[in-house]
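# Coordinate analysis (summary)
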Amino acid sequence: MKKNLAIFGLLLGIVLAHSAVAADKPAVKPNESKSAKAVRQAQVLVQTGKFADAFALLQPLEFELSGDVVFDYLLGISAVNAGKPDRATLALERVEAVAPEYGEVRLWLGIAYFQSGDMDRAKKSLTGLLRQAKISTQSKNTANQYLTVIKQQDETRLAEAKKAKQPSLLGAVEFGLGNDSNITSGPKNYVDAYTTSFSAPPQPPLPPSNISARFAQINGNVEGRIPFSSAGNFAYASLDSNNRAYLKYAMMNSHANTVKGGVNLQSGMNTYRFDLSRRDYRQLGTAASQGYTGDSTQNSATGDARFALTERDYLAVSLQYNMPRYPTTNAQDTNQVVIGTNFTHVFEGTGSPMIYVALNHTRDKAVRQSLDMKGIDQTDVSRNTNAFIAYTQYTPVPSADVTAMWMLSMRRDSRAFARSNNEAFGNDDMQVMMLGVNWRPASDWLVKPQLLHIRNASNIPLYVFQKSEVSVSVKRDFK
């Protein structure tokens, strides 16, 4: 509707500018000044709809001729129709101050305010136009159309503000299928890698190694919100569930549930969020007593802030404290601090290209140590991890995004011989690459094909691996 009004306004500009300006067209004088000649030429340009040319001709003369009603009126009309409402309001306000019913000044001033997003003053100018004694039917109809749009926008804002103050429930469910080339994320030859890392062969039973398998997954989440204060401020509680089943290797089936509660605070375009959460991960495994399960729990406290630097630039910072615990291998327990920052920029132009970059530093401090018979530290898993993430998105058509992501994670062990008898300090460099498409075939539906590749390089052979996942999922949002 707003776009249609802009097109209609352009056509109206040609008609009204011709009729209003033509009546005051100055006669050509033998010794006409340069500025007067420019004004006369601008009148012709405005009457023929060449508003950008008229504005370019008049704008340099504003310091010299501002205050002249004809000049300011021409400058205002050309600026409105050239897409420069801020310049138009200055010129048209000067006209209204001395000649409030000159031409269609209140109409054009109202349109300029509308384009600038100042709906209160747009409403005042357009209403003032309708109160004039003399007004053309065309101008009256145009003013009423703009006032109707303003009223609809006011009603929409009121409805949204009312809705924002009511408790709400959001949710989504997602189904997917895919293939994992290395379901255990292990080395190509587990026995050789273990023997090289620990100078001794592994004891049976041995975990599966380097196995490819198809999988199915179902994920879901639900979030309840209770607003308080102004819009954007609410308390929330959520539950996320992620479940994966391998079609031939049930021992690798897993599910993870995360319960979270916190508050979301909004100040202008800036957002602040604080929450507490608990994540439970369970893997079927061969048997808990054999130590092959990846079961874990994690309690977390998180605070983050997102700042809008401009309408297209956002900067965020976060601080997180985690307590990951492993019931069947408690030597892996740590207390973890994560400090992060990220930046988002949305480019102008077709497809609205977007880039996102993030830096995270994670410091894990071991809760306990496994000791050998001589009391020598063997498995202090304290470590530092730095990660860099780069993500980009492009929208070639309104219903689909093309996405790509690259991540580099660098783990450095803090204690000697924590993961190997032969290598003092373990160093891992993991790269993750992703390509995907987000296709929205209908409102609240998302189809997502994705290719994921992970490569972990390590100076400890047991932790060297590669894997690729190809998947497609269908997601339905509920609001």
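This text goes with the structure placed above it.
## Things to note about helix α10 (residues 190–198)
- Inspection of α10 places Y190, A193 and S197 among the buried residues, and these make up the whole buried set. The buried residues of α10 occupy an angular sector of 70 degrees when the element is viewed end-on, so they sit on one face.
- Two or three places before V191, at the opening of α10, N189 has a side-chain oxygen 3.2 Å from that residue's backbone nitrogen.
- Positive phi shows up at S199, right after α10, with a value of about 60 degrees.

## Quick notes on the pairing of strand β2 (residues 213–227)
- Where strand β1 (residues 168–180) and β2 come together, 13 bridges link them in antiparallel fashion. Bridge assignment links D180 to a residue of β2, and that residue is A213.
- Alignment of β2 against strand β3 (residues 234–246), held across 13 bridges, turns out to be antiparallel. By the bridge assignment for β3, I226 is matched with A235.

## Digging into the environment of T271
- Inspection of the secondary structure assignment puts T271 in strand β5 (residues 270–283).
- Sequence-wise, T271 and G232 are 39 residues apart; in three dimensions their C-alpha atoms are separated by 8.4 Å.
- Not counting the four nearest positions on each side in its chain, T271 is found in contact with N264, L265, Q266, D304, A305 and R306.

## Comments concerning the packing of aromatic side chains
- Under the criterion given, the structure shown has eight aromatic pairs.
- For the ring pair F114 and Y146, a centre distance of 5.0 Å and an interplane angle of 85 degrees mean the geometry is edge-to-face. Highlighted residues: F114 in helix α7 (residues 105–116) and Y146 in helix α9 (residues 137–164), separated in sequence by 32 residues. For the pair formed by F114 and Y146, the shared burial category is buried.

## Observations regarding the environment of R273
- Structurally, R273 is set in strand β5.
- Judged by its relative accessible area of 22%, R273 falls in the partly exposed class.
- Sequence separation between R273 and D304 is 31 residues; the distance between their C-alpha atoms is 5.4 Å.
- If we skip the residues at most four places from it in the chain, R273 touches F234, Y236, V263, N264, T302, G303 and D304.

Quick notes on the rules
Positions within a chain are numbered from 1, following the residues in the order the chain's sequence is written. Where local features are concerned, this predicted model is filtered to residues with pLDDT of at least 70; where side-chain atom pairs are given and counted, the filter is 80 or more; whole-chain, interface and lining totals use all residues. Remark: hydrogens and water are excluded; side-chain values derive from all non-hydrogen atoms of the structure. Only protein chains enter the calculation, and the probe is 1.4 Å; a residue is then buried if its accessible area is under 20% of its type maximum, exposed if over 50%, and partly exposed in between. The helix and strand labels rest on DSSP assignments: H or I over at least four residues marks a helix, E over at least two residues marks a strand, and numbering proceeds from the N terminus. The arc in question is the one spanned by the directions pointing from the helix axis to the C-beta atoms. We define a polar contact as two N or O atoms separated by no more than 3.5 Å, with the added condition that, inside protein, one atom must be a possible hydrogen donor and the other a possible acceptor, whereas residues neighbouring each other in sequence contribute only through side-chain atom pairs. The pairing criterion is simple: DSSP has to find at least two bridges between the two strands. By definition, residues are in contact when any of their heavy atoms lie within 4.5 Å. By convention, a stacked pair of Phe, Tyr or Trp rings (six-membered ring in the case of Trp) has centres within 6.5 Å and planes under 30 degrees apart, an edge-to-face pair has planes over 60 apart, and any other such pair is tilted.

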